[in-house]
Amino acid sequence: MPEIFIDYQRFEFEQPGKVLQFMLDAGLDLPFFCYHPCLSIPANCRQCVVKAGMPVLNREKGTFELDDKGERIIRYFPKLMTACSLDLTDGMVIHTHHSDPLVKQAQADNLEFILINHPLDCPICDQAGECPLQILTYKYGPEGSRFEHKKVHKPKAFRLGPRVVLDAERCINCTRCVRFTDEISKSHQLTIVSRGDKNYPLTAHGQEFDDPYSLNTVDICPVGALTSADFRFKARVWEMNQTPGIDITNGKGCNTYLWTRDNLVLRITPRQNDHVNSHWMPDSGRLAYQRFNENRVHRPHIKLDGNDQVRTSWNNAILTLREQLEKTEASEILAIGSPHAPVEDNYAFRKFFKMHGVSEFFFVPDIRPGSGDGFLLSDDQTPNTNGVRLLDFKETTCKNLSSKIQGDKYKLIVLLDDSLFDRPDWPAIDPGNSYFTVWATNHTPTTAAAHLVIPVTCAAEHAASYVNVDGRIQRTVAAKETRYTNRRLNLEMSMGRLDHYGTQFDNWVDEKNRIDCIPAWEFFKKLDAEARFDWNSSREVLNEISRTLPVFEGVSYERMDTLLGVPLSISRNTPVDQKKTIEPKP
Amino acid sequence: MAESFSFDGKDLEVIRKILSRYPHKEAAILPVLWYAQDKFGHTSPDVQHLVARTLDVPEAHIHGVVSFYTQFYEKPMGRHVLDVCTCLSCQVCGGYDMLSYIEDKLGIRAGETTPDGQFSLQSVECLGACGYAPMLQVTNKQYVNHLTPEKIDRLIDDLKAGIEPSFESMPPKQHEKDNRLS
Ligand code: SF4
Ligand code: FES
Ligand code: FES
């Protein structure tokens with residue numbers, strides 16, 4: 001097998017590739033800025049230089065020339081080579097800073113050079129704490145700078161587009177942002193203007209950087225030159241917790257990180273999953289943090305008389321709903337599941353009402369043809385349409401459902417978390433004379449019309465699974481505490497510095513950020529007067545699903561975690577009449 | 001964007017010829033920009049927009065190319081453009097002195113145009129004539145080498161009188177001699 005020697009250590013490689021990527025995969029350290037595994041390789045930052053050489057081959061004998069000690073004679077390239085663009089070659093010898101003082105010097109000098117005009121404003125820079133320039137300078141940089149002159153000044157706090165702010169002085173001109181718009185989002189909106197020390201990225205004259213994926217450039221910018229207009233100055237990165245999640249704003253289910261502080265989600269960034277979203281996510285998905293934080297249903301709400309809802313106790317909510325169930329025939333119950341709610345909640349909803357004799361379950365997918373782009377935005381506006389389908393909910397339309405609601409047949413409407421009244425094709429009607437119960441995360445026109453609103457956890461507060469448009473089941477992890485969860489006790493939740501060292505009496509802690517809500521499955525467990533459900537966690541609900549429903553066979557939280565989601569064979573198991581509505585893979 | 005500039009049939013024919021010389025259209029950007037600047041006198045944002053549309057390349061990219069070269073004018077310039085080199089070799093041989101001499105003489109700063117529209121002044125990077133430092137270039141054409149205040153006085157007087165300096169060291173612009181275009 002071909003071999004390569006890095007700092008006197010022998011490695012074998014199977015696939016052709018570049019030295020830098022090989023080293024990163026092997027867990028070796030080498031500083032770099034402009035390289036990104038998903039983008040073309042311009043080798044312009046010069047930070048990844050190594051000393052590289054090849055053994056001298058005796059062509060006649062076909063063997064390597066050896067010196068007196070019997071070691072291969074190595075002929076080095078006359079200059080240091082950029083490892084990011086250097087092809088792995090059989091027999092190649094690489095020296096990094098670990099074994100060559102010249103490389104070490106070059107790395108420090110290059111950083112000194114890059115920092116010549118850099119403002120060094122880390123204390124007020126959003127990127128500080130997660131800044132490759134800052135990190136690499138600490139690790140590989142010079143102690144100081146020999147530059148004594150005035151730094152070049154360039155535009156600061158410049159609005160490149162509606163969501164991205166540029167600080168041109170911080171830019172190191174790695175061109176990652178430009179290459180992203182050229183190669184990934186293909187909007188071609190950015191370029192590097194001018195040259196030399198006057199360089200910085202910019203759009204064409206009179207144009208805005210309004211690419212629907214623009215915020216990915218903020219993620220890949222190796223310095224604080226590109227920052228998010230929305231997140232700017234909101235929090236230092238080391239104050240936040242980082243928890244893996246799933247984008248719930250469309251059907252693609254991009255893998256994300258939710259960044260929280262004091263149980264508010266402050267930003268959402270993509271998490272690498274090569275099966276789904278690579279390193280990217282659409283800008284729209286990042287705004288979901290607002291619905292996790294704001295306008296939440298907190299404690300059950302009930303309409304007593306008139307149209308005003310008041311908060312009520314969980315006990316009262318449960319007793320009221322039990323009363324309603326007692327006086328209503330199963331055939332008079334209209335049960336509507338939700339493509340917004342996870343698999344576990346839809347399953348619990350269905351199981352509960354099935355036990356009550358309800359035989360038909362509906363849901364309304366929210367697919368808007370033309371709104372997808374074949375990349376990471378799908379026509380499907382909801383995260384779990386396929387999940388609800390697989391649980392045998394009947395697909396229906398707003399029109400059909402609303403006429404059912406208006407008719408006299410149903411006395412009790414139960415609607416899992418779905419703001420149907422907000423849908424563009426929902427006819428303007430109210431739930432008529434039936435008793436309308438809604439499980440919901442946020443206040444919406446739908447909850448306003450309900451007689452009873454049960455607050456449920458959102459994707460930032462529960463561990464739960466969603467099946468994306470391609471049939472991949474993926475799960476979230478709780479990022480935000482509710483009134484009933486606790487980071488210190490739930491070992492799956494992440495603990496930031498402030499959680500570790502703070503107390504609930506610190507003045508930055510706001511109890512209001514912990515919403516009074518529970519997962520829907522837990523509510524159904526409590527609702528069942530005969531206590532027939534024995535789940536203690538969503539994990540147990542999913543285990544039951546995978547035991548009982550063949551299509552979910554073998555699915556577990558452990559497998560979803562290790563495989564970054566499990567592909568389900570939806571096409572095989574989906575009834576024929578529903579197959580056609582499943583979106584094709586882009 | 002207001003479209004005040006356009007290429008006519010003859011222009012498009014030239015551009016088609018330029019395109020046919022290269023394997024991909026990005027390579028044609030420079031000659032087409034030269035052509036546009038010769039025609040319109042500058043490569044302002046509107047002209048960049050026109051070139052981008054004509055070649056079907058991203059407008060941002062054109063902006064990057066135009067702003068890279070001081071030889072492309074992003075705004076209308078005076079009749080004569082004096083590009084004074086202030087890069088390393090010229091700098092140590094007095095490039096900045098020459099620049100400020102011209103600034104004082106014309107009463108404008110680098111980057112500005114005289115009110116009568118006769119002269120524009122730019123401070124530019126190395127023009128590859130370090131051996132003749134300090135030097136300047138007149139409107140992307142003649143190099144004027146070994147600058148002294150006297151030489152500058154003479155140059156400006158000549159230009160005012162409509163006398164072009166003779167070439168001291170450089171051939172004329174490459175594309176003007178390019179017979180494949182005509
Ligand atoms: S803004 Fe950031 S990503 Fe773009 S070129 Fe500058 S340093 Fe690189
Ligand atoms: S990472 Fe190799 S040159 Fe930038
Ligand atoms: S430095 Fe002026 S021509 Fe090279």
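Everything numeric here is computed off the predicted structure, so don't read it as measured data.

Is there a simple way to think about the nonpolar core in this case?
Generally speaking, a soluble globular protein has its nonpolar side chains buried in company with each other. All names here are of chain A. Counting 52 residues, the largest nonpolar core has Phe 349, Phe 353, Trp 439, Ile 473, Phe 523, Phe 524 and Phe 552 as its most contacted members. In terms of residues, this core owes the most to one element, helix 9 (residues 343-355), which gives six residues. Counting residues in hydrophobic clusters, the runner-up holds 31 residues, among them Tyr 140, Leu 166, Ala 168 and Tyr 200.

So what exactly am I meant to see when it comes to the packing of helix 2 (residues 29-40) of chain B against helix 4 (residues 59-68) of chain B here?
Geometry of a packed helix pair, given as the angle between the helix axes and the separation of the axes. All names here are of chain B. It is at 11 Å that the axes of helix 2 and helix 4 come closest, and there the two elements cross at 75°. Classed by the angle they form, the pair helix 2 and helix 4 counts as roughly perpendicular. Contacts between helix 2 and helix 4 pair Ile 29, Leu 30 and Leu 33 from the former with His 61, Ile 62, Val 65 and Val 66 from the latter. Across the contact of helix 2 with helix 4, the residue classes tally to six nonpolar, one polar and no charged.

Is there a simple way to explain the site of ligand 1 in this structure?
Taken together, 13 residues surround ligand 1, and among them A:Cys171, A:Cys174, A:Thr175, A:Cys177 and A:Cys221 come closest. Grouping the constituent residues of the shell around ligand 1 by class yields 10 nonpolar, two polar and one charged.

Where do I start with a nonpolar patch on the surface in this structure?
Among the surface-exposed residues, A:Leu57, A:Phe64 and A:Leu66 lie close enough to one another that they form a single nonpolar patch of about 260 Å² accessible area. Structurally, A:Phe64 is set in strand 5 (residues 63-64).

Sorry if this is basic, but what is going on with the domain arrangement of chain A here?
Accessible area lost when the parts come together is the quantity often used to give the size of an interface. Considered domain by domain, chain A is made up of domain 1 (3-114), domain 2 (122-228) and domain 3 (301-461 + 516-533). If you average the C-alpha positions of domain 1 of chain A and of domain 3 of chain A, the two centres end up 60 Å apart.

What am I meant to see in the environment of B:Gln37 here?
Residue and element names in this part refer to chain B. Secondary-structure assignment places Gln 37 in helix 2. Take Gln 37: its relative accessible area is 6%, and that puts it in the buried class. In this structure the C-alpha to C-alpha distance between Gln 37 and Gln 48, which are 11 residues apart in sequence, comes to 10.0 Å. Setting aside anything within four residues of it in sequence, one finds Gln 37 in contact with His 42, Thr 43, Gln 71, Phe 72, Tyr 73 and Asn 140.

What is the right way to look at helix 1 (residues 9-20) of chain B in this model?
Residue pairs three or four apart in sequence face the same way in an α-helix, which turns once every 3.6 residues. All names here are of chain B. Across its 12 residues, helix 1 extends 16 Å between first and last C-alpha, which sits within 8% of the 16 Å expected from 1.5 Å per residue. Restricting attention to buried positions, one finds in helix 1 the residues Asp 11, Val 14, Ile 15 and Ile 18. Relative to the axis of helix 1, the buried residues are bounded by an arc of 100° and lie together on one face. Summarising the geometry of helix 1, the exposed residues directed more than 90 degrees from the buried face are Gly 9, Lys 10 and Ser 20. If you follow the buried residues of helix 1, they end up packed against helix 2 and helix 3 (45-55). The opening residue of helix 1, the one whose side-chain oxygen lies 3.1 Å from the backbone nitrogen of Lys 10, is Asp 8.

Looking at this model, I keep getting lost on the sheet that holds strand 2 (residues 119-124) of chain B. Mind explaining?
The strands that make up a sheet are held in pairs by hydrogen bonds between backbone atoms, and each pair lies either parallel or antiparallel. Residues and elements named next belong to chain B. Across the sheet, which stays open at both edges, the four strands sit in the order 2-1-3-4 with mixed pairing between neighbours. Every interior strand has two partners, whereas the edge strands, strand 2 and strand 4 (143-144), have only one. Here helix 7 (residues 149-160) sits on the sheet and contacts strand 1 (80-85), strand 2, strand 3 (136-138) and strand 4; the angle it forms with strand 1, its principal contact strand, is near 160°.

Explain the pattern of salt bridges here, please?
Opposite charge on two side chains makes pairing possible when the charged atoms of those side chains draw close. Inspection of every chain in the model, using the stated rule, returns 46 salt bridges over all chains. Notably, a salt bridge pairs B:Asp8 with B:Lys39, separated by 3.9 Å at the nearest N-O pair. Separated by 31 residues along the polypeptide, B:Asp8 in the segment before helix 1 and B:Lys39 in helix 2 bring together distant segments of the chain. Since its relative accessible area comes to 39%, B:Asp8 is described here as partly exposed. Overlapping salt bridges, with partners in common, bring together A:Asp121, A:Lys156, A:Asp167, A:Glu169 and A:Arg170 in one network.

It is not clear to me how the environment of B:Gly117 should be interpreted in this structure. Could you clarify?
Residue and element names in this part refer to chain B. Mapped onto the elements, Gly 117 comes out in the loop between helix 6 (95-106) and strand 2. Residues Gly 117 and Pro 149, 32 residues apart in the sequence, show an inter-C-alpha distance of 22 Å. Setting aside residues no more than four positions away along its own chain, Gly 117 makes contact with Gly 78 and Arg 79.

Looking at this structure, I do not really get the packing of aromatic side chains. What am I missing?
How two aromatic rings sit relative to each other is given by the distance of their centres and the angle of their planes. Scanning all chains against the criterion turns up 31 aromatic pairs over all chains. Consider the rings of A:Tyr347 and A:Trp535, whose centres lie 6.4 Å apart with planes at 55°: the pair is tilted. One end of the pair, A:Tyr347, is in helix 9; the other, A:Trp535, is in the loop between helix 14 (520-527) and helix 15 (538-548), with 188 residues separating them in the sequence. The burial state of A:Tyr347 is the same as that of A:Trp535; both residues are buried. An angle of 80° between the planes, with centres 6.1 Å apart, marks the rings of A:Phe523 and A:Phe524 as edge-to-face. The buried category is assigned to A:Phe523, whose relative accessible area is 0%. Judged by relative accessible area, A:Phe524 falls into the buried class, the value being 0%. The positively charged end of A:Lys51 is found above the aromatic ring belonging to A:Tyr76, 4.5 Å away from the centroid. For A:Arg195, the ring lying beneath its charged end belongs to B:Phe68, and the centroid distance is 5.1 Å.

Help me out: how do you make sense of the interface of chain B and chain A in this one?
In this assembly, 14 residues from chain B lie in contact with 14 residues from chain A. Taken together, the two surfaces of chain B and chain A that pack against each other cover about 1,100 Å², and 57% of this comes from carbon and sulfur. Area buried by chain B at its contact with chain A is led by B:Ala60, B:His63 and B:Phe68, which between them contribute 42% of it. For the pair chain B and chain A, the interface holds one salt bridge. Across the pair B:Glu125 and A:Lys198 runs a salt bridge, and its minimum N-O distance is 3.5 Å. Counting every contact that joins chain B to chain A gives eight residue pairs in polar contact (both at pLDDT 80 or more). Breaking the side of chain B that touches chain A down by element, the ones donating at least two residues are helix 3 and helix 4 of chain B. Considering each element in turn, the side of chain B that touches chain A owes the most residues, seven residues, to helix 4 of chain B.

What counts and what doesn't
Residues numbered from 1 in each chain as written. Chains lettered and ligands numbered in written order. Predicted model: local features only at pLDDT ≥ 70, side-chain atom pairs only at ≥ 80, totals over all residues. Heavy atoms only, no water. Core = buried A, V, L, I, M, F, W, Y, C linked by side-chain atoms within 4.5 Å. Buried < 20%, exposed > 50% of the residue type's maximum accessible area, 1.4 Å probe, protein only. Helix = DSSP H or I, 4+ residues; strand = E, 2+ residues; numbered from the N terminus. Axes fitted to C-alpha atoms, helices over the stretch in contact; angles between N-to-C directions. Parallel < 35°, antiparallel > 145°, perpendicular 65-115°, else oblique. Contact = heavy atoms within 4.5 Å. Nonpolar A, V, L, I, M, F, W, Y, C, P; charged D, E, K, R; others polar. Near = heavy atom within 4 Å. Patch = residues over 30% accessible without salt bridge, like charges linked within 9 Å, V, L, I, M, F, W, Y side chains within 5 Å. Areas by Shrake-Rupley, 256 points an atom, 1.4 Å probe, with all protein chains shown as cover. Salt bridge = Lys/Arg side-chain N within 4 Å of Asp/Glu carboxyl O. Domains from an automatic or database assignment. Expected span 1.5 Å × (residues − 1). Arc of directions from axis to C-beta. Polar contact = N/O pair within 3.5 Å; in protein donor to acceptor, adjacent residues only side chain to side chain. Pairing = 2+ DSSP bridges. Phe/Tyr/Trp six-rings, centres within 6.5 Å; stacked < 30°, edge-to-face > 60°. Lys NZ or Arg CZ within 6 Å of the ring centre and 35° of its normal. Buried area = accessible area lost by both parts, 1.4 Å probe.

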